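This is what each chain is made of:
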Amino acid sequence: MVAIAADVKYTIISFDEVTSTNDVAREHAKGGCPEGLVITAARQTKGRGRRGRSWHSESGGLYFSILLKPNLPSARVSLITLAAGAAVVEVLREQYQLPAELKWPNDVVVFDRKTAGVLCEGFHHPGGSSIIVGIGVNTNQPIASLPEPLQAAAGSVRALTGLEVDNDFLLKQILARFKHHYHSLHADGGRSVLESARQYTAMLGKEVTVITETEIYTAIACGLSDQGALVVEKSDGSQEELWAADVSIQTKKGED
Ligand code: BTN
């Protein structure tokens, strides 16, 4: 018998300033808080991204984390990052008519400019284990307010559309899309999340530069595996599955 999760029920707690919404959600998880808690903050003093990078979190942007306790095999837990990225892509396309795309594993880009990022962190605690899905969207920040080295490769919804974004509205839209994808991870084995992620991933079929601890090489990004790994074809024709924790990927416009 397959266990199907009931729809996640969200409870939103908002702060003016925190270190990182992922940290606050984690503390609540350790305290026994159920799945569905959403922590938002107007600013983060220690917002972080993948591979130890910091995430610039001045006022104006949307920063939030969702606490999850998924009833999924570990091979499917790895698809949660793609589910969150797909949710952001869909909302930016539908609500702001932006040609948003996924950049594996955790970025959302518009015209090759990084406009949102997803940071999933899993951990064990007394009474179980939790996944925290942290999402940051550059909404109302002027690009010039970001650190200089980021400016050439960053986008924000306002800079791209000229529209002032209602962050509460955007949050609720993304939460609704994510709920749909999260449910389908439990219900259909991840098929529809993978289908959406493959459709939205801009780099498929293109040349990328792969940066690992020990080597740098160019390859063609040719697909996403059923567990969400990036499959690349090297110049000798061999294929390799890359895992998000191990690599950085560079496309024409910059590193993830
Ligand atoms: C990345 O680009 O590597 C991921 C960035 C994720 C940023 C979000 S903002 C809300 C949540 N809190 C954090 O400290 N990080 C995530």
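Residues numbered from 1 in each chain as written. Predicted model: local features only at pLDDT ≥ 70, side-chain atom pairs only at ≥ 80, totals over all residues. Heavy atoms only, no water.

### Quick word on the pattern of salt bridges
- What the rule picks out here adds up to 9 salt bridges.
- Between Glu27 and Lys30 there is a salt bridge whose closest N-O contact spans 3.3 Å. On the criterion of helical spacing, the pair formed by Glu27 and Lys30 is a turn pair, its members being 3 residues apart in helix α1 (residues 21-30).
- For Glu27, a relative accessible area of 49% corresponds to the partly exposed category.
- Its salt-bridge partner being Arg48, residue Glu121 comes within 2.8 Å of it at the nearest N-O pair. One end of the pair, Glu121, is in strand β6 (residues 113-125); the other, Arg48, is in the loop between β2 (37-44) and β3 (62-68), with 73 residues separating them in the sequence.
- The class of Glu121 is buried, set by a relative accessible area of 18%. (Salt bridge = Lys/Arg side-chain N within 4 Å of Asp/Glu carboxyl O. Helix = DSSP H or I, 4+ residues; strand = E, 2+ residues; numbered from the N terminus. Buried < 20%, exposed > 50% of the residue type's maximum accessible area, 1.4 Å probe, protein only.)

### Focus: the pairing of strand β8 (residues 207-211)
- Where burial is concerned, most of β8 is hidden: 4 out of the 5 residues are buried.
- With 5 bridges connecting them, β8 and strand β9 (residues 216-224) associate as antiparallel partners. Across the sheet, Val210 pairs through a bridge with Tyr217, a residue of β9.
- Joining the antiparallel neighbours β8 and β9 is a turn of 4 residues.
- In this structure, β8 lies alongside strand β12 (residues 248-251), joined through 3 bridges in antiparallel fashion. The residue bridging Ile211 from the neighbouring strand is Ser248, located in β12. (Pairing = 2+ DSSP bridges.)

### Examining the environment of Thr40
- Relative to the assigned elements, Thr40 resides in strand β2.
- Overall, Thr40 belongs to the buried group, its relative accessible area being 9%.
- Considered as a pair, Thr40 and Arg93 are 53 residues apart in the sequence and their alpha carbons are 22 Å apart.
- Excluding residues within four positions of it along the chain, Thr40 makes contact with Ile12, Ile13, Ser14, Phe15, Thr21, Tyr63, Phe64 and Leu171. (Contact = heavy atoms within 4.5 Å.)

### Details of the state of the cysteines
- Enumeration over the complete set of coordinates arrives at 0 disulfides.
- Counting only cysteine sulfurs, Cys33 is the nearest neighbor of Cys120, a cysteine outside any disulfide, at a range of 17 Å.
- Owing to a relative accessible area of 25%, Cys120 belongs among the partly exposed residues under this scheme. (Disulfide = S-S within 2.5 Å.)

### Brief notes about the environment of Leu146
- Its place among the elements puts Leu146 in the loop between β7 (128-137) and α4 (148-151).
- A relative accessible area of 7% means that Leu146 is categorised as buried.
- In this structure, the C-alpha to C-alpha distance between Leu146 and Trp55, residues 91 residues apart in sequence, is 10.0 Å.
- If near-sequence neighbours (up to four positions away) are discounted, Leu146 is found in contact with His56, Asn138, Gln151 and Ala154.

### Some remarks on the sheet that holds β3
- Spatially, 7 strands are ordered β1-β2-β3-β7-β6-β5-β4 in an open sheet, and the strand pairing comes out mixed. The outermost strands of the open sheet, each flanked by one partner alone, are β1 (11-18) and β4 (100-103). Here the strands of the sheet are splayed against their neighbours by 20 degrees on average, with no regard to which way each runs.
- Most of the contacts of α1 go to β2, to which it runs at about 150 degrees, and overall it touches β1, β2, β3, β6 and β7.
- Across the sheet, helix α6 (residues 167-187) lies against β1, β2, β3 and β7, angled at about 30 degrees from β3, the strand it touches most. (Axes fitted to C-alpha atoms, helices over the stretch in contact; angles between N-to-C directions.)

### Side note on the packing of α6 against helix α7 (residues 191-200)
- Axis separation between α6 and α7 bottoms out at 7 Å; the angle between their running directions is 130 degrees. If you check the angle between α6 and α7, you find them oblique. Contacts between α6 and α7 involve His181, Ser184 and Leu185 on the former and, on the latter, Ser192, Val193 and Ser196.
- Of the residues that constitute the contact of α6 with α7, the class distribution is 2 nonpolar, 4 polar and no charged. (Parallel < 35°, antiparallel > 145°, perpendicular 65-115°, else oblique. Nonpolar A, V, L, I, M, F, W, Y, C, P; charged D, E, K, R; others polar.)

### What about the side chain of Thr115?
- Note on placement: Thr115 falls in strand β6.
- Judged by its relative accessible area of 0%, Thr115 falls in the buried class.
- In this structure the side chain of Thr115 is engaged in a polar contact, spanning 2.9 Å, whose partner is the backbone oxygen of Arg113.
- Apart from residues no more than four positions distant in its own chain, Thr115 is found in contact with Leu92, Val108, Val109, Val110, Gly136, Val137, Asn138, Gly155, Ser156, Val157 and Leu160. (Polar contact = N/O pair within 3.5 Å; in protein donor to acceptor, adjacent residues only side chain to side chain.)

### Things to note about unusual backbone geometry
- Each neighbour pair has its own omega, and for Trp104 with Pro105 the value is 5 degrees, a cis peptide bond.
- Backbone geometry at Gln97 places phi at a positive 50 degrees, although glycine is not the residue there.
- The topology assignment puts Gln97 in the loop between α3 (80-96) and β4.
- One non-glycine residue, Phe111, adopts positive backbone phi at about 50 degrees.
- One can find Phe111 in the loop between β5 (107-110) and β6.

These figures come from the coordinates and say nothing about function on their own.
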